[in-house]
Amino acid sequence: TKPQGDNMTETIDTSESKALVLLQEQLKQELGAIGGQIDPPSSNKISTKGKLFTLPDGRSNPGPMQVVILDFVAFNSYYKAAWNPNVRAAPACWALGKVLEEMKPSANAPEPQHVDCDDCPKGAFGSAPGGGKGKACKNTRRLLVVEPKFGEATEPMSLDVSPTGLKSWNKYVDFLRKAHAVLPLQVVTQISFNPNESYPSLQFEFVDRHANVELAMRLRNMHSDILWREPELPKAA
C-alpha cells in the first residue's frame, strides 16, 4: 500500500497541474483579445487629409514635400456604401497590380465584382452611384517613398494618389521616361497639392537625380510588402 503522504502529494500535484492549465488557458484568451485594446499597427502611410502631408511620426506640413519614389502599384477598390469620413470601412472588392490590363480582384476580396478589372462594369465611367460621370470603382496609385536623405535603416512610407491626381502622375512618369530616361526611383520628386482643387489632389515635379540608386533599389526590395498590403476586413463576430 502507498503511504498516506504519497497520496496527498499526488493530489496536490494534480491540483497544481489543473490550475496551471486553467491559467495558461486564461492567458491565451487574454492574448487573443489584447488586439482590441491597442491601436492597429502602423501602415507607414502618409495622410493627405485636409491638404496636409502628415507623416507616420506625426510631422505635418502643407508641402511641397520632396521624396524619392522607390516603386508604385495600381490599387482599385469598390465600396458598396457611400463614403463616410467618420466610418472606417473595408472595400467589398479590390485589386492590386503592376500591369493595368492584367489586374483582377484579389482572392481575399469578399465580393468580387467581375473576373477582371479591365472589363468590370464598376470600372466604367458613368457607373458612379447617383448617375455621376465617374467610376464606382476607385482607381488609385500607391507609392512607396522615402525622404531624400535616406539610409540603410530607413523604413519607407506609402502615399496614395487619388483618381484626381492620376493624370498628373501619369504625365510625370512619362516625362521622366522620355525626357530623362529614368525611373522615379532614380530621382528626387517634389509633390504638392493642386491649388485649384479643394480635394487633396497631388502634383509631381522633377527636382534632380540622386546618387543613391543602389541603396534605393535595396530598400525597394526589402520593403515591397508595404506596397502589397491588402485592406483589413472586419473580424467575424
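Look up: the structure comes first, before these words.
Note that the structure is predicted; figures quoted are calculated from it, not measured.

Cut-offs used in this document
Residues numbered from 1 in each chain as written. Predicted model: local features only at pLDDT ≥ 70, side-chain atom pairs only at ≥ 80, totals over all residues. Heavy atoms only, no water. Buried < 20%, exposed > 50% of the residue type's maximum accessible area, 1.4 Å probe, protein only. Helix = DSSP H or I, 4+ residues; strand = E, 2+ residues; numbered from the N terminus. Arc of directions from axis to C-beta. Contact = heavy atoms within 4.5 Å. Phe/Tyr/Trp six-rings, centres within 6.5 Å; stacked < 30°, edge-to-face > 60°. Lys NZ or Arg CZ within 6 Å of the ring centre and 35° of its normal. Core = buried A, V, L, I, M, F, W, Y, C linked by side-chain atoms within 4.5 Å. Salt bridge = Lys/Arg side-chain N within 4 Å of Asp/Glu carboxyl O. Polar contact = N/O pair within 3.5 Å; in protein donor to acceptor, adjacent residues only side chain to side chain.

A. Seen up close, helix 3 (residues 213–222). Regarding helix 3, the residues found buried are Leu215, Ala216 and Leu219. Projection of helix 3 onto a plane perpendicular to its axis shows the buried side chains occupying an angular sector of 100°, all on one side. The exposed residues of helix 3 that point more than 90 degrees off its buried face are Glu214 and Asn221. Close packing links the buried residues of helix 3 with strand 3 (65–78) and strand 5 (137–146).

B. Spotlight on the packing of aromatic side chains. Taken as a whole and assessed by the stated rule, the structure comprises five aromatic pairs. Ring centres 5.0 Å apart and planes at 80° place the aromatic pair Phe72 and Trp169 in the edge-to-face group. Taken as a pair, Phe72 in strand 3 and Trp169 in helix 2 (residues 166–180) lie far apart in primary sequence, 97 residues in all. By relative accessible area, which is 1% here, Trp169 ends up buried. With a centroid separation of 6.4 Å and 45° between ring planes, the pair formed by Trp169 and Tyr172 is classed as tilted. You can see Trp169 and its partner Tyr172 sitting in helix 2, three residues apart, about one turn around the helix. Taken as a pair, Trp169 and Tyr172 share a single burial class, namely buried. An aromatic cluster is present here, built from Phe72, Trp169, Tyr172 and Phe204 joined pairwise through their rings. The cationic tip of Lys122 hangs over the ring face of Tyr78; the distance from NZ or CZ to the ring centre is 5.4 Å.

C. Main features of the nonpolar core. Residues Ile46, Leu143, Leu202 and Phe204 are the most contacted members of the largest nonpolar core, which totals 21 residues. Sort the elements by how many residues they give to this core and helix 2 lands first, with four residues. Not counting the four nearest positions on each side in its chain, Phe204 is found in contact with Leu143, Val161, Gly165, Ser168, Trp169, Tyr172, Thr189, Gln190 and Ile191. Judged by nonpolar contacts, the second largest core, of 17 residues, contains Leu70, Ala109, Val146 and Ile226.

D. Inspection of unusual backbone geometry at higher detail. Of the consecutive residues Gly63 and Pro64, the connecting peptide bond is found in the cis state with omega at 0°. One can find Pro64 in the loop between strand 2 (60–61) and strand 3. Phi is positive for Lys51, close to 55°, though the residue is something other than glycine. Relative to the elements of secondary structure, Lys51 occurs in the loop between helix 1 (4–33) and strand 1 (53–54). Notably, Ala181 is not glycine yet its phi reads approximately 55°, a positive angle. Note that Ala181 resides in the loop between helix 2 and strand 7 (187–193).

E. Examining the pattern of salt bridges more closely. Evaluation of the coordinates by the stated rule reveals ten salt bridges. Between Asp57 and Arg59 there is a salt bridge whose closest N-O contact spans 2.7 Å. Across the pair Arg218 and Glu152 runs a salt bridge, and its minimum N-O distance is 2.2 Å. Of this pair, Arg218 sits in helix 3 while Glu152 sits in the loop between strand 5 and strand 6 (157–161), placing them 66 residues apart in sequence. With relative accessibility at 34%, the residue Arg218 sits in the partly exposed group. Among the charged side chains, a salt-bridge network with shared partners connects Asp57, Arg59 and Glu147.

F. Expanded view of the environment of Asn139. Tracing the chain through its elements places Asn139 in strand 5. Classification of Asn139 as buried rests on a relative accessible area of 16%. With residues near it in sequence (within four places) discarded, Asn139 still touches Phe75, Asn76, Ser162, Pro163 and Leu166. For Asn139, the side chain forms a polar contact with the side chain of Asn76, separated by 3.0 Å.

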